Each structure stands twice: as C-alpha cells, then as structure tokens.
Amino acid sequence: MVELSRRTLIRGGAATAACAAFPPRLAYAAAGAEAPLFGPAADIALLSRNENPYGPAPSAIAAIAEWSAKGCYYADTAARKLTAMIAERFGVTPDHVALGSGSTEVLSAAGLALKGKGAILCPELFWDTTALYAEAKGAKLKRVALKPDLDIDLDAMAAAVGPDVGLVHICNPNNPTGRLLDGDAMRAFVRKVGPSATVLVDEAYMELTDRPDYSSVSALVKEGHNLLVCRTFSKIYGMAGLRVGFAIGQPETIATIRKYEMSFGGNTAGLAAAIASYNDTAFTGFSKNRILEGRGLILDAVKKAGLTAAPSQANFVYVKVPDADAVQKAMAAKGIQIRGAYGKWSQWSRVSTGRIEDVKRYAAALPEVVGA
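Everything numeric here is computed off the predicted structure, so don't read it as measured data. (Residues numbered from 1 in each chain as written. Predicted model: local features only at pLDDT ≥ 70, side-chain atom pairs only at ≥ 80, totals over all residues. Heavy atoms only, no water.)

1. A few points about the nonpolar core
Inference 1: Core analysis: the largest hydrophobic core is formed by 65 residues, its most contacted members being Ile 86, Val 168, Phe 189, Leu 227, Phe 233 and Phe 246.
Inference 2: For this core, the element with the most residues is helix α4 (residues 76-90), which contributes 6 residues.
Inference 3: Excluding residues that lie within four positions of it along the chain, Phe 233 makes contacts with Leu 82, Gly 238, Met 239, Ala 240, Val 244, Phe 246, Ala 274 and Tyr 278. (Core = buried A, V, L, I, M, F, W, Y, C linked by side-chain atoms within 4.5 Å. Buried < 20%, exposed > 50% of the residue type's maximum accessible area, 1.4 Å probe, protein only. Helix = DSSP H or I, 4+ residues; strand = E, 2+ residues; numbered from the N terminus. Contact = heavy atoms within 4.5 Å.)

What follows is the structure in structure tokens.
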C-alpha cells in the first residue's frame, strides 16, 4: 500500500485545484489528444460549465488528505455531522435537511417525490436538468414564459398555479440568465403559492449575490412554509467534482425526498471537504472576490465589443451576440470553451467566469469573434 502524506497531496492538489472541470471529451479527440482525467488541458480556457476553479479550499484539500484513507468505511457519521452543521446555520433541526450527491440529486429526488401531487410548474428557461429527469420518469412540466427582460415572471407563475400543480420550481439567481429575483418579491411569492403547491427554489449561486441574506428565501423554512431550498458546494466552495449538495424543507417533505435519493450517506472525500470548508469564510471571501473579478472582466469586454449582457448575480454572464452557436464555434477554434444557444434563445451566449487568465483570453478574442 502506498501512503500519501497530507503535504504531498496538498502540494499536488494545489497545482490542479485551479482546474475543477473538464471540457467535452470530443474536443480532445478532434485534436488527437486524450482528455485529462480531471480539469482542462493547459491550453484550454474552460468557461462553459459554471465551476469555480479556485476551489476546493486549502482546508478542504487538507481534510481530503487526512480522511480519504478511511474511504473503506461508510460515511454516515460524517453525513450526520454535516447535516447538523447545515441545520445550525439555517436555524432548523437535522430533520429539515437532506444531503445529496450535489444539489442535482436532491433536486431530482424532489421532482420524483412530488410528481404524484401534480405537474411541475417552471419558467420557460432555467436550469431544468432535474425537471427533465422527473419528466422522463412520468412527471408533467408546465412552463411559463419569461418577461421580455429575461426575468422570471412571478405574477404569471402564481396565476398558473392550480389544482393540477404540485411543485413550483425556480432557480434564483437563474441559470443561464444570471438574473436575480428580488428577495421580498420571492418571499411574497412563497407565502402566496405555498398553501397550494410546494415551492422548490434552487439557490446554487445565492452565495455569489450582492446580498445573500436578503435575496434568499431560506428563512421561510424555519417559519414552516411549504418550501424547499437547495444549495450546493459546487459553486462558491469550488467542489463541483466532489458532489455535495443539500436541501432544507419541512421534515415530512425531507423524509419523502430521502426515500428517492440514490446515494448512501455521501462520499468520504466530499463530506470531509465540505465539513472542513463550510465555515471557512477566509476561503469563501477569496473565492467570491475572484469570481466577481472575472465577471467584471467579462462585462467590460462585452461593453468594449459593443454588445450587451443581462445583469448577472452569478458566476456567469448571459451575453447577447449575433449567433450564439457561431460564437461558440469561433471561440472553440481559439481553445476557449463557452456555451452555445439554449433552445430558441439563439442570440444569447453564456460565459462562465473561470480562471482570470482564461477570462482575459475570452475578452481579447471577443471583438474579433463578433466582428466588432
């Protein structure tokens, strides 16, 4: 058995922690190269997947080094520890908390658990992977058009809630638009809609907003409202590949969701990292500052190129361009990975913040790519 010291792992991790994701494997195949197991190749600017390449935190990496050798054991004790930490932060009991393999699992489990109560009401454009998963398992989706400014139309969504709706699913800030709904408006929405249908709010990017405490509806869980709030360690904590997320909600709803989850207590490395870094404000402050720096660089580049973008409160920017797929292709030719069109929104291109040096590559290439 080869034993790795904490110092060895941290030193090796520090060199790779700035690259917490990988671009599509096909991009490497086309170049005749094999994709790295973790992170992008050195010449790829990865700005397409909303990861935070400045994590995991040093505290998380140290915990992984210390505890991964115990990976032969199930991690239920650590899962209970993290659950208790989350409950304490939100002022609820552990029965109000469900852990998952990223927020994806708890979002998907919620869709499955509640689909028998009626359709899932959701915006026309949002991060709908988990809603589509529920739809593939028999759920019915009922979509509501966005406002012209790309905002989620809360009034129209409230008006669409009827006896046929069992779950209302919103992402705030919304992905891919980056737009943030007002906190008071969201709280009023939950109070209005909650008696008729469970409100599920995906707050994956909430820690990156200007005023997280104001913008989040999480405090309404403690007040007893019919609400589920999902968070993740993938964004501000930079742990996308370690797969830790959670939901808070009423105990009876959480108990039902747990029955639909597939993971068993979580994984050792992810839980150790999450426990170690959950209260690491030095890291989360650093992480947020780098993300905001990258977002500012993108917005400056957009302005200089004569383009516009939706106001963003997340780690990505939704940029209006002549042709999103054409821009994606042109950027890819320069080794810069961004997203193409989302459905009918063919003139909107989502760009993630990524490493600062990669954002600068995008900024330099944008005028040429759009012909500015």
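The structure having been displayed, the exposition proceeds.
2. Here we look at the packing of helix α3 (residues 58-67) against helix α12 (residues 268-277)
Inference 1: Between α3 and α12, the shortest axis-to-axis distance is 8 Å and the interhelical angle comes to 140 degrees. With respect to each other, α3 and α12 are oriented oblique. By crossing handedness, the relation of α3 to α12 is classed as right-handed. On α12, the residues touching Ser 59, Ala 60, Ala 63, Ile 64 and Trp 67 of α3 are Thr 268, Ala 269, Ala 272, Ala 273, Ala 276 and Ser 277.
Inference 2: Of the residues that constitute the contact of α3 with α12, the class distribution is 8 nonpolar, 3 polar and no charged. (Axes fitted to C-alpha atoms, helices over the stretch in contact; angles between N-to-C directions. Parallel < 35°, antiparallel > 145°, perpendicular 65-115°, else oblique. Left-handed = near helix turned anticlockwise from the far one by under 90°. Nonpolar A, V, L, I, M, F, W, Y, C, P; charged D, E, K, R; others polar.)

3. Description of the sheet that holds strand β7 (residues 227-232)
Inference 1: Ordered by their spatial adjacency, 7 strands build an open sheet running β2-β8-β7-β6-β5-β3-β4, and the pairing between neighbours is mixed. Each of the sheet's edge strands pairs with one partner strand only, and the pair in question is β2 (97-100) and β4 (141-144). The average angle at which neighbouring strand axes cross in this sheet is 20 degrees, direction not considered.
Inference 2: The pairing of β2 with strand β8 (residues 245-249) spans 4 bridges and is classified as antiparallel. Bridging across to β8, Gly 100 finds its partner in Gly 245.
Inference 3: Lying over the sheet, helix α5 (residues 102-114) contacts β2, β3 (119-123), β5 (165-171), β6 (198-202), β7 and β8, oriented at roughly 155 degrees with respect to β7. (Pairing = 2+ DSSP bridges.)

4. Here's the deal with the layout of surface pockets
Inference 1: Approximately 400 Å³ is the volume found for the second largest pocket.
Inference 2: Arg 89, Glu 207, Pro 212, Asp 213 and Arg 231 are, among the 18 residues lining the second largest pocket, the residues nearest its centre.
Inference 3: For the lining of the second largest pocket, the secondary structure elements donating two or more residues are α4, α9 (212-215), β7 and α13 (281-304).
Inference 4: Here the residues of the lining of the second largest pocket sort into 8 nonpolar, 5 polar and 5 charged. (1 Å grid on protein atoms, 1.4 Å probe; cavity = no way out; pocket = protein on both sides within 12 Å on 5 of 7 lines; lining within 4 Å. Points joined across faces, edges and corners; volume = space filled by probe spheres on them.)

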